[in-house]
Every structure is written in C-alpha cells, then in structure tokens.
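# Descriptive analysis of the structure
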Amino acid sequence: MTSAAPETAVPAAPTTPASTSRDSDLVRAALRLPVRRTPVWFMRQAGRSLPEYRALRADVPMLESCRRPELVTEITLQPVRRHGVDAAIFFSDIVVPLAAIGVDLDIVPGTGPVVADPFRARADLDRLPELTPDLVPDITQSVQLLVAELGATPLIGFAGAPFTLASYLVEGGPSRNHERTKALMHGDPQLWHDLCARLAGIAGTFLRIQALAGASVVQLFDSWAGALSVADYERHVQPHSAVALAAVADLDVPRIHFGVGTGELLPSMAAAGTEVVGVDFRVSLTDAVARLGPSYAVQGNLDPALLFAPWDVVERRTRDIVEEGRRAPGHVFNLGHGVLPGTDPGVLTRVVELVHEVSTR
Ligand code: CP3
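We now turn to the structure provided with this report. Keep in mind the model is a prediction, meaning the values are calculated, not measured.

All right, on to empty space enclosed by the protein then. What the rule picks out here adds up to one cavity of 30 Å³ or more. As a volume, the largest cavity reaches approximately 50 Å³. What lines the largest cavity is simply Val103, Asp117, Pro118, Phe119, Asp124, Arg127, Leu128 and Leu169. Taken together, the residues of the lining of the largest cavity break down into five nonpolar, no polar and three charged.

Right under this line is the structure:
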C-alpha cells in the first residue's frame, strides 16, 4: 500500500485545446490548475531581436509607437506568429503612463527612459497628477484590437511597480546604484511614501485599464527591487506595490509579480498580492518554490544570456527548468529577464518548441 492520495483528488489536464483565454494554459498555470503543456512566453519578446520589429519601428520613436493602436497591435502579434508562444505581452513601456500624465521624458535607444526634470522635492508631486482613462483612450483601443485578433491566446497587460518607476523619476534615468532614490527613501520617508502612493495609483489604474479592456493576465514589473534589503523592501516598497496589485484583485485576472535579483525578496513580493512570482536566473525554480510554499505559481527562469551559447547548452537548461517547473505548484516558462536585443530569434522559436514537446501531458 502506498500513502499517495487517490488519483481522483487531482483534477485532470484538459484534453481539448483552449477555446477561451480563460481556459488557456497560461491562465491555468497561474491559477495552479493542470495544464495541457507548460505555457511559455518571453519578457521583451516583441522588440529588437525581431527584424520585422526593427523594420516597423525604423521611423517611429519608441514612445510614439506605444500610442498608435494599429502599430501596437502589429508589434504585439509579431512574436506570437513567429514563435508560437502561449501569450502576447502588450507592446508598451513602464513609462507610458508617466508620459500620459505629462511627465517630460523620452526613451533613448540603448539607454532607456530619461526624465527631463527629475523628482527632487515635495513641489514635484504637483507634476504627478492622477492617471485617468481619458488620458489613454488608445491603450483601451489597442487592447481591444489585440484581444479580438488573439482569440484564445491570452494578452498580458503590465505596469511598472512604484519602486522601479520612482527610481527612473528620481535618478532621471537608468541607475546602477539607485543612490538618489535610496537617499530620498531614507532621508525623507514621508515624501518617499507620498511619491510611491501616487505611483501606486498610476500603476494600478494602468493595470486596470488593460484588464477591463480584455487582458487576461497582468504583470507588475519591479525590475530594480533587487537593489533593496528585505527590511527596506517591506517597509518602503511592498505596501505600495500591494496597492497597485490590489487595483485588479476583483477582476478575475491572475497577477504576476516580477523583479530581478530578488531571491531574498520572493516571499515579500508574493505577499504583496499575486498569483505568480517571477523568478530571475540567479535562483533555481526549486529553491524559489521552497521559499514560496504551495500557494504560488512561479514564472521563469532561463538566463537570457544563455541563448547565445551552443544549442546543446540551451536545450539542457530548458529541459531542466521544465522538469523543475513540473514540481512547482504552477509553472510559466520564461526567461529570467528580458530577451537581449542581439538574440537569434530562431533560438527563441526552438525553445518554445522544446518546452511544448517535453511538457506535453
Ligand atoms: O515584449 C515586451 O516585453 C513588451 C514590451 C515592453 C517594453 N518595455 C518595450 C520596450 C515591456 C514589458 C517593457 C517594460 C520595461 N521598460 C521595463 C520592465 C522590464 C525590464 O526589462 O526589467 C523597464 C525597466 C523598462 C524601461 C526601459 N524601456 C528600458 C530599460 C528600455 C531599454 C533601452 C534600450 O534601448 O536598451 C526601454 C525601451 C524599450 N521598451 C524597448 C522596447 C521594445 C526598446 C526600444 C527600441 O526598440 O529602441
């Protein structure tokens, strides 16, 4: 006699293809339900790794391209057609809602977001009004166009988390050490709190607009949260990320919470209110699951730089990650961070095929 639970206790994977995005393997994995096969998509799957993206973007500045619904739709669909991934991620940027409320910023190729007048003092809060849907009618329109095209393939909406947005605003651009951001957090905790409360409102509204327009899943990107200790994260950041995530809690849309270098923060990021925790490549999925327990699905975590290694290396790591993921409460295959611009798109397609092949139930 074994002590294993009777098989009937475990719900079975569906035997027919999904007819709605709600029944897709991505949504099912996020909800820790059995899947047909491990769902796979890539952060930054739309973008410079694709020649068809570079052709479309040749004459259009990044921020402008994010506000044109036909262009957004086409760019978002490109990697879905080419790679056969299990989800589309909305083509936009974490700073789009900041630009929409009037923050003077640009996305500089090869650098990232650059803010003309960085946030330095209490008076700067006046430059951060609330985000209201009428400021971004094009976002609703783009999502609606996409959802109509995608059918049962889910669309992932997203926003930048308060800390990561604050870092761009305070530093004025990308930062290695986040020194001005941390100086504000610790030097004027009340102003920090007020800034993050504004950003949490903006991020939450941006997520909600996408979810109400038809996105099936949302991801909150706290890309730079790994720069923080657990104590600082929990005190100065987590409450604000929790507000952003709570903005869609009533909408039946699973949430993914992701950051880079966040091995120590995984339980705190989970507790902010999410169904899925994104895991970067520095922590194995097995360790991540041990830290998170049975109540969360995980997403990740192939090192994007490994896609430049010989195929047998990529294949071995991909197989290992799928295998680790099978022992997780739910697993969405992804990279540990975004696709690097020089990546051979053919390798991404092969990874998708391999994940599907080895995970078919
Ligand atoms: O395919 C997708 O993932 C969807 C689109 C997407 C973009 N940015 C498009 C983009 C998403 C989800 C983002 C999120 C984003 N933007 C994050 C969080 C994710 C992460 O990478 O940690 C951050 C930190 C940003 C800020 C930002 N915007 C950076 C650091 C850069 C790169 C700068 C560069 O040129 O290397 C951008 C620009 C950007 N956002 C590009 C794309 C496709 C490149 C623009 C171009 O084609 O020139």
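What follows covers the sheet that holds strand S7 (residues 276-278). In spatial order, the strands read S1-S4-S5-S6-S7-S8-S9; together these seven strands make up an open sheet with parallel pairing. Lying at the two open borders of the sheet, with one neighbouring strand each, are strand S1 (88-89) and strand S9 (331-335). Note that S7 and strand S8 (residues 297-302) share three bridges and pair parallel. What sits directly across from Val276, in S8, is Ala297.

In this section: the pairing of S8. Taken residue by residue, a regular strand's side chains alternate between the two faces of the sheet. Taking burial as the measure, the six residues of S8 include six buried ones, the bulk of the element. A crossover links S7 with its parallel partner S8, the connecting element being helix H13 (residues 285-292), and its sense is right-handed. With five bridges connecting them, S8 and S9 associate as parallel partners. Bridge assignment links Val298 to a residue of S9, and that residue is His331. For the handedness criterion, the β-α-β arrangement of S8, helix H14 (residues 311-326) and S9 is classed as right-handed.

Moving on, we come to the packing of aromatic side chains. In the structure shown here, the tally under the stated rule is four aromatic pairs. Relative to Phe221, the ring of Phe158 has its centre 5.5 Å away and its plane inclined at 85 degrees; by these criteria the two rings are edge-to-face. Of this pair, Phe158 sits in strand S4 (residues 155-160) while Phe221 sits in strand S5 (residues 217-221), and the two are 63 residues apart along the sequence. Members of the aromatic cluster, joined through ring pairs, are Phe158, Phe221 and Phe258. It is Arg350 that lies over the ring of Trp311; its NZ or CZ is 4.1 Å from the centre.

Structurally, Thr73 is set in helix H4 (residues 69-83). For the pair Thr73 and Val143, spaced 70 residues apart in the sequence, the C-alpha separation amounts to 7.9 Å. Discounting residues that sit within four places of it in the chain, Thr73 has contacts with Ser142, Leu145, Leu146 and Glu149.

On to the environment of Gly112, then. In this fold, Gly112 is placed in strand S3 (residues 112-115). When the C-alpha atoms of Gly112 and Val95 are compared, they prove to be 9.9 Å apart, with 17 residues separating the residues in sequence. Look past the residues within four positions of Gly112 in its chain and what remains in contact with it is Asp106, Ile107 and Pro174.

Before going further, it helps to examine the side chain of Ser359. Here Ser359 is to be found in helix H15 (residues 345-359). Residue class for Ser359 comes out buried when judged on its relative accessible area of 0%. Engagement of the side chain of Ser359 in a polar contact is seen with the backbone nitrogen of Thr38, the distance being 2.8 Å. In this structure Ser359 touches Arg36, Arg37, Thr38, Val322 and Arg326, once residues within four positions along its chain are discounted.

With that settled, consider helix H7 (residues 162-171). Counting buried residues in H7 gives ten out of ten residues, a clear majority hidden from the surface. When H7 is considered as a whole, its buried residues turn out to be Pro162, Phe163, Thr164, Leu165, Ala166, Ser167, Tyr168, Leu169, Val170 and Glu171. One or two positions beyond H7, positive phi appears at Gly172, with a value near 90 degrees.

Time to look at the side chain of Ser49. Among the structural elements, Ser49 can be located in the loop between helix H1 (25-30) and helix H2 (51-57). The exposure class assigned to Ser49 is buried, which follows from its relative accessible area of 4%. Not counting the four nearest positions on each side in its chain, Ser49 is found in contact with Arg54, Val339, Leu340, Pro341, Thr343, Pro345 and Leu348.

The rules behind each value
- Residues numbered from 1 in each chain as written.
- Predicted model: local features only at pLDDT ≥ 70, side-chain atom pairs only at ≥ 80, totals over all residues.
- Heavy atoms only, no water.
- 1 Å grid on protein atoms, 1.4 Å probe; cavity = no way out; pocket = protein on both sides within 12 Å on 5 of 7 lines; lining within 4 Å.
- Points joined across faces, edges and corners; volume = space filled by probe spheres on them.
- Nonpolar A, V, L, I, M, F, W, Y, C, P; charged D, E, K, R; others polar.
- Pairing = 2+ DSSP bridges.
- Helix = DSSP H or I, 4+ residues; strand = E, 2+ residues; numbered from the N terminus.
- Buried < 20%, exposed > 50% of the residue type's maximum accessible area, 1.4 Å probe, protein only.
- Right-handed = clockwise from strand over helix to strand, strands pointing away.
- Phe/Tyr/Trp six-rings, centres within 6.5 Å; stacked < 30°, edge-to-face > 60°.
- Lys NZ or Arg CZ within 6 Å of the ring centre and 35° of its normal.
- Contact = heavy atoms within 4.5 Å.
- Polar contact = N/O pair within 3.5 Å; in protein donor to acceptor, adjacent residues only side chain to side chain.

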